[in-house]
Amino acid sequence: MVQHSDTDDRTSVWDVLRAAPQYALPHHLLSAAMEKLTRSRARWFKDPLIRWFSRAYRIDWDEARFRSPGAYPTFNAFFTRELRPGARPVDPSPGAVVSPVDAVVSQAGVAAGAALFQAKGRTFDLVRLLGGSAERAAPFRGGSFATLYLSPRDYHRIHMPLAGTLREMVCVPGRLFSVSPATTRTVPELFARNERVAAVFDTDAGPLALVLVGAVFVGSIETVWHGVVTPPRQREVRRWEYPLGAVRLEKGQELGRFNMGSTVIVLFGKDAVRWRPELVPERRVRMGETVGEAAAG
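Keep in mind the model is a prediction, meaning the values are calculated, not measured.

Participant: Tell me what's going on with the overall build of the protein, and back it up with residues and numbers.
Facilitator: Broken down by element type, the protein carries eight helices and 18 strands. When the 297 residues of the protein are sorted by exposure, 52% land in the buried category. In the protein, 76% of the contacts between residues at least 6 apart in sequence involve partners at least 24 apart. Split by element, the accessible area of the protein, about 13,200 Å² in all, is 55% carbon and sulfur.

Here is the structure:
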């Protein structure tokens, strides 16, 4: 499978102009302010905000477990809303790799060694993405990867693409650039620069890593086994190691969530997974649908 499908590697002037002001923005201060706002319990504030957001982004209330603004104590509770049972069927086939999120495919393909394609002739480094550990990155060199962008209208919980046992988790400090398509085309090594949480699992298809990339206005990232991972924010990489079998998640089971939207990067080892041909940039995927197959044996 080809690594990407861009035919024009030139970055547009318009993209550059839109991205340039972000370098000067106080990313973490803005995100902290957004975190406070989205956790307000004042009904006069959060209910109209939920209604406005629903109209602006055409939210499908029929998919939600709770279908009125008053059912959510805060805007963030609405943003990370639970879906009604059966809204996202998960392919039960043993070898089927499913999408962990509702998203638009940014890129999907095979890493060129430790280089993962970003957009418009740009790549980012696998070792840096995973917190600077060559040992942690080694199983994923030359492996399959998929970068999945969650827009504001998407369901913002993250699920397992395959059943797996958690090995370790790292939280990597960084900036909080937007992860919009325009910024992705413009900012060098965007995903290896932004704050991120990476969880590494053992699966029947070999090692699996899911990297939850933060972005401006992403108030926090949390996982089901740890709770809120960030904030607090620190200057050093934080690492947690888990005893064998301590955390086991089945395919389709919730892994974590973004409190506001961002990007998930899925990593498998070399020759472990074949993405389906239709998994191409700009294709919309839904959590639970089959996006690849684990290699036999």
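Participant: An account of the environment of Met287 is needed here, citing residue identities and associated values.
Facilitator: One can find Met287 in the loop between β17 (284-285) and β18 (290-294). Separated by 129 residues in sequence, Met287 and Ile158 have C-alpha atoms that sit 8.2 Å apart. Not counting the four nearest positions on each side in its chain, Met287 is found in contact with Arg88, Pro89, Val90, Ser99, Pro100, Val101, Asp102 and His159.

Participant: Provide a residue-level description of the pairing of β18, including the pertinent values.
Facilitator: The element β18 is extensively covered by neighbouring structure, given that four of its five residues are classed as buried. Inspection of the sheet shows strand β1 (residues 96-98) paired to β18 by three bridges, in the antiparallel sense. Note on β18: the bridge partner recorded for Ala96 is Glu293. Here three bridges tie strand β16 (residues 273-275) to β18, and the two strands are oriented antiparallel to one another. Residue Arg274 lies in a different strand from β18, and its bridge partner there is Glu293.

Participant: Describe empty space enclosed by the protein, naming the residues involved and giving the relevant values.
Facilitator: Tallying each qualifying case throughout the model produces two cavities of 30 Å³ or more. Computed from the structure, the largest cavity encloses a volume of approximately 60 Å³. Taken together, Val97, Val98, Ser99, Pro100, Ala146, Leu148, Pro161, Val266, Trp275, Leu279, Val285 and Val291 form the lining of the largest cavity. Of the residues in the lining of the largest cavity, the class split is 11 nonpolar, one polar and no charged.

Participant: An account of the sheet that holds β1 is requested, with residue identities and associated values reported.
Facilitator: The strand order across the open sheet formed by three strands is β1-β18-β16, and the pairing between neighbours is antiparallel. Looking at which strands have only one partner, the edges of the open sheet turn out to be β1 and β16. Recorded for the sheet is a direction-independent mean angle of 35 degrees between the axes of neighbouring strands.

Participant: Could you give an account of the side chain of Thr147, with specific residues and numbers?
Facilitator: Within the fold, Thr147 resides in strand β5 (residues 144-149). Among the residues examined, Thr147 registers a relative accessible area of 1% and is labelled buried. Not counting residues within four places of it along the chain, the set of residues in contact with Thr147 comprises Val104, Val105, Ser106, Gln107, Phe124, Phe191, Thr263, Val264 and Ile265.

Participant: Before we move on, can you summarise the nonpolar core with the specific residues and values?
Facilitator: Soluble, globular proteins show a tendency: their nonpolar side chains are buried together. Membership of the largest hydrophobic core comes to 39 residues, with the highest contact counts inside it found for Phe201, Leu210, Trp225, Leu255, Phe268 and Trp275. If we ignore the near neighbours within four places in the chain, the residues touching Trp225 are Leu166, Met169, Ala199, Phe201, Tyr242, Val247, Leu249 and Leu255. By size, the runner-up hydrophobic cluster in this structure holds 25 residues, among which are Phe124, Phe177, Val211 and Val213.

Participant: Give a detailed account of the packing of aromatic side chains, specifying residues and quantitative values.
Facilitator: Within the structure shown, the criterion is met by 16 aromatic pairs. Aromatic side chains Phe53 and Phe79 sit 5.8 Å apart centroid to centroid with 70 degrees between the ring planes, which places their arrangement in the edge-to-face category. One end of the pair, Phe53, is in helix α3 (residues 43-56); the other, Phe79, is in helix α4 (residues 75-79), with 26 residues separating them in the sequence. Accessibility classification places Phe53 together with Phe79 in one group, the buried group. Relative to Tyr72, the ring of Phe66 has its centre 6.4 Å away and its plane inclined at 80 degrees; by these criteria the two rings are edge-to-face. Residue Tyr72 is classed as buried on the basis of its relative accessible area of 4%. In textbook terms, an aromatic cluster arises when at least three aromatic residues are bridged by ring pairs, as seen for Trp52, Phe53, Tyr57, Trp61, Phe66, Tyr72, Phe75, Phe78 and Phe79. In this structure, Arg81 is placed above the aromatic ring of Phe78, and the distance from its NZ or CZ to the ring centre is 4.7 Å.

Reading guide: rules and limits
Residues numbered from 1 in each chain as written. Predicted model: local features only at pLDDT ≥ 70, side-chain atom pairs only at ≥ 80, totals over all residues. Heavy atoms only, no water. Helix = DSSP H or I, 4+ residues; strand = E, 2+ residues; numbered from the N terminus. Buried < 20%, exposed > 50% of the residue type's maximum accessible area, 1.4 Å probe, protein only. Contact = heavy atoms within 4.5 Å. Areas by Shrake-Rupley, 256 points an atom, 1.4 Å probe, with all protein chains shown as cover. Pairing = 2+ DSSP bridges. 1 Å grid on protein atoms, 1.4 Å probe; cavity = no way out; pocket = protein on both sides within 12 Å on 5 of 7 lines; lining within 4 Å. Points joined across faces, edges and corners; volume = space filled by probe spheres on them. Nonpolar A, V, L, I, M, F, W, Y, C, P; charged D, E, K, R; others polar. Axes fitted to C-alpha atoms, helices over the stretch in contact; angles between N-to-C directions. Core = buried A, V, L, I, M, F, W, Y, C linked by side-chain atoms within 4.5 Å. Phe/Tyr/Trp six-rings, centres within 6.5 Å; stacked < 30°, edge-to-face > 60°. Lys NZ or Arg CZ within 6 Å of the ring centre and 35° of its normal.

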